[in-house]
Amino acid sequence: MKFRRQTFAAVLAAGAFCMAAAGAHAQSKVKVGFMLPYTGTYAALGNAIENGFRLYVQEQGGKLGGREVEYFKVDDESEPSKAVDNMNKLVKRDNVDVVVGTVHSGVVMAMAKVAKDTNTLLVVPNAGAGAVTGPMCAPNIFRSSFSNWQPGYAMGKVAGEKGAKKVVTITWKYAAGDESVEGFREGLKSAGGDVVKELTLPFPNVEFQALLTEIAATKPDAVYAFFAGGGAVKFVKDYAAAGLNKTIPLYGPGFLTDGTLEAQGAAAQGMLTTLHYADGLDVPKDKAFRADYTKTYKSAPDVYAVQGYDAAQMLGAGLLAVKGDVSKRNDLIAAMEKAHIDSPRGAFTLSKAHNPVQDIYLRKVVGNENHVEGVAVKALADPARGCKM
Amino acid sequence: MKHRHRTDSAVAPLGLALVALAVFPFLGGQFYVDLVQTTMILSIFALSLELLVGTTGLVSFGHAAFFGIAAYATALLSPQADAPSLAWLLPAVLAATALAAAVIGAFSLRTRGVYFIMVTLAFAQMAYYVFHDTKLAGGSDGIYLYVKPVLAIGNFTLLDLASAHTFYYATLCALVAVYMLLALVKRSRFGHALAGIRANEQRMRAAGYSTYPYKLAAFVLAGTLAGVAGFLQAVKDGFVNPEMLAWHQSGAVLLMVILGGIGSLRGAVVGAFLFVLLKELFQSEALFGGFARHWQLPLGLTIIACVALMPNGVVAMPARLRRMRTPVPHAG
Amino acid sequence: MDLAVFLVQCLNAVQYGLLLFLVASGLTLIFGILGVINLAHGSFYMIGAYLAYALAPWAAAHLGGGFFTALLIGLVLSVAFGYVLEWAFVSYLYHRDHLQQVLMTYGLILVFEELRSILAGDDVHGVPPPSWLAGSIPLGHVMTYPVYRLFMSGVCVVVALGLYAIIARTRLGMAIRAGASNREMVQALGVDIRFLYRIVFAAGVALAVLAGMIAAPVSSVYPGMGNQVLIVSFVVVVIGGIGSIRGALVASLLVGFVDTFGNVLIPQVAGVLVYVLMAAVLLWRPEGLFRAG
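Given the structure is predicted, the values throughout are model-derived calculations rather than measurements. (Residues numbered from 1 in each chain as written. Chains lettered and ligands numbered in written order. Predicted model: local features only at pLDDT ≥ 70, side-chain atom pairs only at ≥ 80, totals over all residues.)

**Focus on the overall build of chain C**
Reasoning step 1: Within chain C, the regular secondary structure consists of 11 helices and 2 strands.
Reasoning step 2: Along chain C, helices and strands appear, N-terminal first, in the series α-α-α-α-β-β-α-α-α-α-α-α-α.
Reasoning step 3: For chain C, the spread of C-alpha atoms along the principal axes amounts to about 60 × 55 × 35 Å.
Reasoning step 4: Expressed as a percentage of the 293 residues in chain C, the buried residues total 56%.
Reasoning step 5: Expressed as a percentage of contacts within chain C between residues at least 6 apart in sequence, the contacts between residues at least 24 apart total 75%. (Helix = DSSP H or I, 4+ residues; strand = E, 2+ residues; numbered from the N terminus. Buried ≥ 20, exposed ≤ 12 C-beta atoms within 10 Å, placed from the backbone. Contact = placed C-beta atoms within 7 Å.)

Listed below in structure tokens is the structure:
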């Protein structure tokens with residue numbers, strides 16, 4: 001009996017302590033946790049996203065929703081098998097209010113799981129895995145970037161409209177590639193073409209020569225390729241070196257030519273890609289953003305920086321509505337859902353599944369720029385298959 | 001006299017460690033409790049490899065295959081909606097893993113030395129690509145495990161792994177059980193045979209032992225115990241990804257075994273804890289500031305220093321220091 | 001697949017195989033003669049690629065030379081680097097077991113990868129091929145074959161012939177052959193075994209660095225590029241038989257063919273094919289196709 005009373009008192013005391021802590025919280029800083037790749041293949045992307053995010057906060061005088069921001073960082077190593085532990089560092093050790101991350105699709109799948117289980121607010125600033133705003137969608141999970149389906153679908157539509165009837169696709173054999181090709185096929189079919197052959201090679205192999213020979217033998221009207229980073233550079237160069245770019249146009253989502261043009265050089269010139277961002281956009285916000293970013297970081301921003309910047313904007317919109325009180329979770333989420341984000345990519349809103357409904361641009365490689373050619377599809381929303389929200 | 005002294009010196013730290021692990025959930029924060037639990041799972045994984053590497057002298061560079069296969073088996077066998085019963089799930093997972101280990105072991109054990117290292121790597125890579133490239137289990141994005149298993153008799157729940165507290169102690173029990181099982185194995189006739197194989201396989205064969213079945217049995221047992229770790233990891237994370245089978249995972253667990261000290265069960269556990277600790281240390285922004293993002297550099301240097309200065313691992317250090325301080329007159 | 005396409009695919013296979021040979025030959029030398037499992041070999045390939053990226057513009061600006069001057073400087077640097085590395089780290093490993101070699105060279109991978117990140121950043125970079133090799137030869141109506149790829153294969157063939165000549169014909173080669181099978185014998189012959197080891201390790205590093213440098217114009221340079229090459233090279237070495245240069249050549253070509261035709265004909269299982277090949281060879285001949293000795 002005595003034991004019981006003591007426990008009861010302890011619980012009361014703990015409760016009181018928690019409430020006191022919560023009260024103090026309102027004036028303390030908003031804790032933002034970055035779970036991004038800081039080592040390995042995607043390190044450059046992780047840094048760009050963080051820079052973009054910090055830039056927006058800096059523009060707001062270091063505050064979101066009237067509260068100062070405190071940052072926590074974890075290197076996710078692009079390693080899905082450690083993702084749950086890494087996410088827990090931010091959620092359970094640092095007790096962050098929101099997690100921003102990440103680039104790698106497999107890692108983001110694990111992050112979404114933890115976010116759902118622990119009801120942590122998560123903003124995904126890159127990884128395009130369909131499931132995040134599909135079967136795994138949740139009120140507390142947002143994305144400031146794109147779904148793999150979106151640029152693929154837009155490119156398919158453009159390719160079809162340009163008269164491509166028979167198209168060969170080529171990608172690494174992994175989920176992001178599959179989803180992108182699926183989107184492309186849908187877009188292409190809606191414009192009267194079809195995919196006649198799907199070529200794949202094991203991730204992360206970069207020995208493309210055999211498949212290029214296969215493409216030359218098939219003689220399609222166009223080729224759609226999904227690669228990123230080093231693989232994208234090598235594929236585009238190999239494609240040009242094989243002379244295929246002279247007769248068979250090479251299309252792809254923007255990642256094929258984003259942040260890689262210096263390395264791709266002449267091989268990429270004139271290529272058409274689709275993405276939610278481009279160089280030379282006639283968007284005033286973009287001009288201001290680019291000037292600020294270049295001044296702050298002494299390097300030009302890319303699409304990843306924009307996605308980081310917009311992640312901060314989305315969070316800022318939510319925090320503003322609740323005046324920085326993160327405990328009003330429902331109001332915060334409602335405000336984020338309704339926000340019109342004045343993005344450098346052009347204004348966008350969020351779909352029911354919390355993925356951007358955005359214009360996808362058609363871009364052409366000119367020099368070291370992915371110059372905007374026009375809008376491929378206006379206000380394109382991801383179909384969010386499997387999302388029950 | 002001498003013998004008793006040795007047992008005492010081994011039992012006391014083990015007991016202390018056990019007590020420390022048992023009371024830890026009451027002291028540490030939620031994150032650290034999780035971290036310790038993960039490290040205990042890794043310890044089981046390292047212990048299972050220790051049976052191969054330390055006891056039998058078989059260096060497998062593909063041990064992550066069994067860790068991953070068990071994790072995938074757990075995710076694939078679990079129903080979507082209601083909690084599976086531990087009573088059939090765990091045995092089923094372990095049986096599947098043992099089967100995989102028997103097949104891979106039967107082939108791999110035809111080779112020896114460096115070739116054995118490489119052929120185990122090859123089989124692990126095959127398993128990796130099976131899960132990565134096919135739609136069998138979610139491909140490269142991985143697969144979720146929605147409901148954690150329970151152990152119930154009728155309506156009475158004995159063990160519900162969905163409770164973090166229960167699961168922590170279940171993991172601790174598993175670690176102790178695997179440790180004791182391996183300690184028993186090492187002392188059994190079977191264990192002596194394995195030690196003989198490690199010391200000199202030719203002589204064992206000359207003495208009339210057919211070594212192949214012994215090695216295969218050790219391989220299957222090691223694979224199955226790695227399966228225990230894989231099962232716990234899958235249930236804990238609720239998420240399984242092909243990277244669990246990747247070659248650097250096999251490399252990491254080898255590192256743990258070697259760091260701790262080959263040939264002793266304690267070494268495997270110490271190695272696992274040390275490995276996790278070092279990583280946490282070097283990744284800490286509080287200590288290293290902006291340089292923390294280059295954490296692999298100090299980790300790499302530490303590993304190199306360990307090899308150069310502590311060839312027999314951490315657990316051999318106290319003895320080595322003692323020897324350095326008191327010159328031994330004559331080993332008799 | 002008609003005949004023309006088949007022949008082009010064969011060319012692709014040979015070309016990929018030869019590049020693999022360049023990396024794997026160094027690995028098998030170090031493996032076979034020093035008895036050291038060198039996980040850091042892929043890092044040397046990466047270092048080579050980054051050297052080409054860093055040196056080519058520098059050589060053009062300061063020495064008036066282009067790619068080949070850079071290649072030469074790179075080779076000299078890599079031999080010196082290999083020599084120092086052997087002295088500082090690897091020489092401790094000869095009396096240790098394989099496990100500790102794995103551990104230390106794994107540590108070296110981490111160190112090299114982070115140094116790369118600190119010195120050269122994490123971006124992808126291109127390396128232009130020398131202008132007179134930038135053209136291509138038409139193959140059929142649609143496709144052309146880049147001259148530079150043929151040049152790469154040419155370099156690989158020259159290296160293969162050179163290695164053969166050295167090992168089969170010279171006194172150094174004799175010492176190497178003897179050293180692989182019998183260390184005492186070499187010492188009895190009056191060869192300084194420590195010096196021999198140092199030379200062999202430096203040569204192995206130089207081969208990997210050379211492979212990285214000549215591959216840089218087609219593969220570009222990017223983080224983590226070494227790891228991928230490492231595993232395939234190990235497969236090559238094991239299939240060929242540890243320590244055998246001839247085995248490495250045959251195995252490289254074999255892997256080249258299996259990979260090339262696997263990707264085209266049965267893409268569903270392309271990822272595992274090379275490993276199936278390796279497992280099959282080891283079950284048939286548990287010590288590789290050609291045993292050194």
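**What to know about the overall build of chain B**
Reasoning step 1: When helices and strands are tallied, chain B shows 14 helices and 4 strands.
Reasoning step 2: A compact globule built from 332 residues should have a C-alpha radius of gyration of about 20 Å, and chain B, at 21 Å, falls within 12% of that.
Reasoning step 3: In terms of its C-alpha atoms, chain B occupies a principal-axis envelope of roughly 70 × 55 × 45 Å.
Reasoning step 4: Expressed as a percentage of its 332 residues, the buried residues of chain B come to 48%.
Reasoning step 5: Counting only contacts in chain B whose residues sit at least 6 apart along the sequence, the fraction spanning at least 24 positions is 75%. (Rg over C-alpha atoms; globule rule 2.2 N^0.38 Å.)

**Observations concerning the pairing of strand S7 (residues 166–172) of chain A**
Residue and element names in this part refer to chain A.
Reasoning step 1: Among the 7 residues that make up S7, 6 are buried, leaving the element largely enclosed by the rest of the structure.
Reasoning step 2: Both S7 and strand S8 (residues 194–201) contribute to a ladder of 7 bridges, which runs parallel. Note on S8: the bridge partner recorded for Thr169 is Glu198.
Reasoning step 3: Where S7 lies against strand S9 (residues 222–226), 5 bridges are found, and the strand directions are parallel. Its bridge partner lying in S9, Thr169 is registered against Tyr224. (Pairing = 2+ DSSP bridges.)

**Observations concerning the interface of chain A and chain C**
Reasoning step 1: Taken together, the 37 residues of chain A in the interface contact 33 residues of chain C.
Reasoning step 2: If you list the elements that add at least two residues to the side of chain A that touches chain C, you get helix H2 (43–59), S8, helix H7 (209–218), helix H8 (229–241) and helix H9 (261–264) of chain A.
Reasoning step 3: Looking at the side of chain A that touches chain C residue by residue, the classes come out as 16 nonpolar, 13 polar and 8 charged. (Nonpolar A, V, L, I, M, F, W, Y, C, P; charged D, E, K, R; others polar.)

**Concerning the packing of helix H1 (residues 3–34) of chain C against helix H10 (residues 245–265) of chain C**
Relative orientation and spacing of two packed helices are given, respectively, by the angle between their axes and the distance between those axes.
Residues and elements named next belong to chain C.
Reasoning step 1: Close contact between H1 and H10 brings their axes to 7 Å; oriented N to C, the two are set at 140°. In terms of axis orientation, H1 runs oblique to H10. Note on packing geometry: the crossing formed by H1 with H10 is right-handed. From H1, Gln9, Asn12, Ala13, Val14, Tyr16, Gly17, Leu18, Leu20, Phe21, Ala24, Ser25 and Thr28 reach across to H10, where they touch Ile245, Ala248, Leu249, Ser252, Leu253, Val255, Gly256, Phe257, Asp259, Thr260, Phe261 and Val264.
Reasoning step 2: A class-by-class count of the residues in the contact of H1 with H10 yields 15 nonpolar, 8 polar and 1 charged. (Axes fitted to C-alpha atoms, helices over the stretch in contact; angles between N-to-C directions. Parallel < 35°, antiparallel > 145°, perpendicular 65-115°, else oblique. Left-handed = near helix turned anticlockwise from the far one by under 90°.)

**Here's the deal with helix H8 (residues 193–219) of chain C**
Reasoning step 1: If you check H8 of chain C, its first and last C-alpha atoms are 37 Å apart, about what 27 residues at 1.5 Å a residue would give, namely 39 Å.
Reasoning step 2: Backbone geometry just after H8 of chain C places Ser220 of chain C at a positive phi near 60°. (Expected span 1.5 Å × (residues − 1).)

**Remarks on the interface of chain C and chain B**
Reasoning step 1: Tallying the contact residues gives 34 residues for chain C and 35 residues for chain B.
Reasoning step 2: At the level of secondary structure, the elements contributing two or more residues to the side of chain C that touches chain B comprise helix H4 (98–120), helix H9 (225–240) and helix H11 (270–284) of chain C.
Reasoning step 3: A class-by-class count of the residues in the side of chain C that touches chain B yields 25 nonpolar, 5 polar and 4 charged.

**What about the environment of Thr120 of chain B?**
Reasoning step 1: In this fold, Thr120 of chain B is placed in helix H5 (residues 114–133).
Reasoning step 2: Filtering out sequence-adjacent residues up to four positions away, Thr120 of chain B remains in contact with Ser60, Phe61, Gly62 and Ser108 of chain B.

**Overview of the pairing of strand S2 (residues 150–153) of chain B**
Residue and element names in this part refer to chain B.
Reasoning step 1: Pairing of S2 with strand S3 (residues 156–160), which is carried by 4 bridges, proceeds in the antiparallel orientation. Its bridge partner being in S3, Leu151 is matched across the sheet by Leu159.
Reasoning step 2: From the end of S2 to the start of S3, which pair antiparallel, there are 2 residues, and Gly154 there has a positive phi angle of about 60°.

**Comments concerning the sheet that holds strand S1 (residues 30–36) of chain A**
Where strands meet in a sheet, backbone hydrogen bonds hold them as pairs that are either parallel or antiparallel.
Residues and elements named next belong to chain A.
Reasoning step 1: Read across the open sheet, the 6 strands follow the order S2-S3-S1-S4-S5-S6; overall the sheet is mixed. Each of the sheet's edge strands pairs with one partner strand only, and the pair in question is strand S2 (63–64) and strand S6 (141–143).
Reasoning step 2: Here strand S4 (residues 98–100) pairs with strand S5 (residues 121–124) via 3 bridges, running parallel. The residue of S5 that forms the bridge with Val99 is Leu122.

**So, helix H3 (residues 83–93) of chain A**
Reasoning step 1: Where burial is concerned, most of H3 of chain A is hidden: 10 out of the 11 residues are buried.
Reasoning step 2: Of all the positions in H3 of chain A, only Ala83, Val84, Asp85, Asn86, Met87, Asn88, Lys89, Leu90, Val91 and Lys92 of chain A are classed as buried.

**A short note on the environment of Ala305 of chain A**
Residues and elements named next belong to chain A.
Reasoning step 1: Its place among the elements puts Ala305 in helix H11 (residues 303–321).
Reasoning step 2: Residue class for Ala305 comes out buried when judged on the 27 C-beta atoms lying within 10 Å of it.
Reasoning step 3: Residues Ala305 and Leu55, spaced 250 residues apart in sequence, show a C-alpha to C-alpha distance of 9.2 Å.
Reasoning step 4: If near-sequence neighbours (up to four positions away) are discounted, Ala305 is found in contact with Ala48, Ile49, Asn51, Gly52 and Tyr293.

**Remarks on unusual backbone geometry**
Residue and element names in this part refer to chain A.
Reasoning step 1: Residue Thr102 follows Gly101 across a cis peptide bond; omega there is 5°.
Reasoning step 2: Looking along the chain, the bond that leaves Phe203 and enters Pro204 is cis, with omega of -5°.
Reasoning step 3: Position of Pro204 relative to the elements: it lies in the loop between S8 and H7.
Reasoning step 4: Although it is not a glycine, Asn119 adopts a positive phi angle of roughly 55°.
Reasoning step 5: Examined against the element boundaries, Asn119 turns out to sit in the loop between helix H4 (105–118) and S5.

**Overview of the environment of Ala64 of chain B**
Residues and elements named next belong to chain B.
Reasoning step 1: Checked against the element boundaries, Ala64 lands in helix H3 (residues 64–77).
Reasoning step 2: Sequence separation of Ala64 and Asp34 is 30 residues, and the distance between their C-alpha atoms is 21 Å.
Reasoning step 3: Those residues in contact with Ala64, other than ones at most four positions away along the chain, are Ala124, Met244, Leu245, Ala246, Gln249, Ser250 and Val253.

**A short note on the confidence of the model for chain C**
Reasoning step 1: The predicted model of chain C averages 87 in pLDDT, with 96% of residues at 70 or higher.
Reasoning step 2: Per the prediction output, this complex has pTM 0.87; the corresponding ipTM is 0.85. (pLDDT = per-residue confidence, 0-100.)

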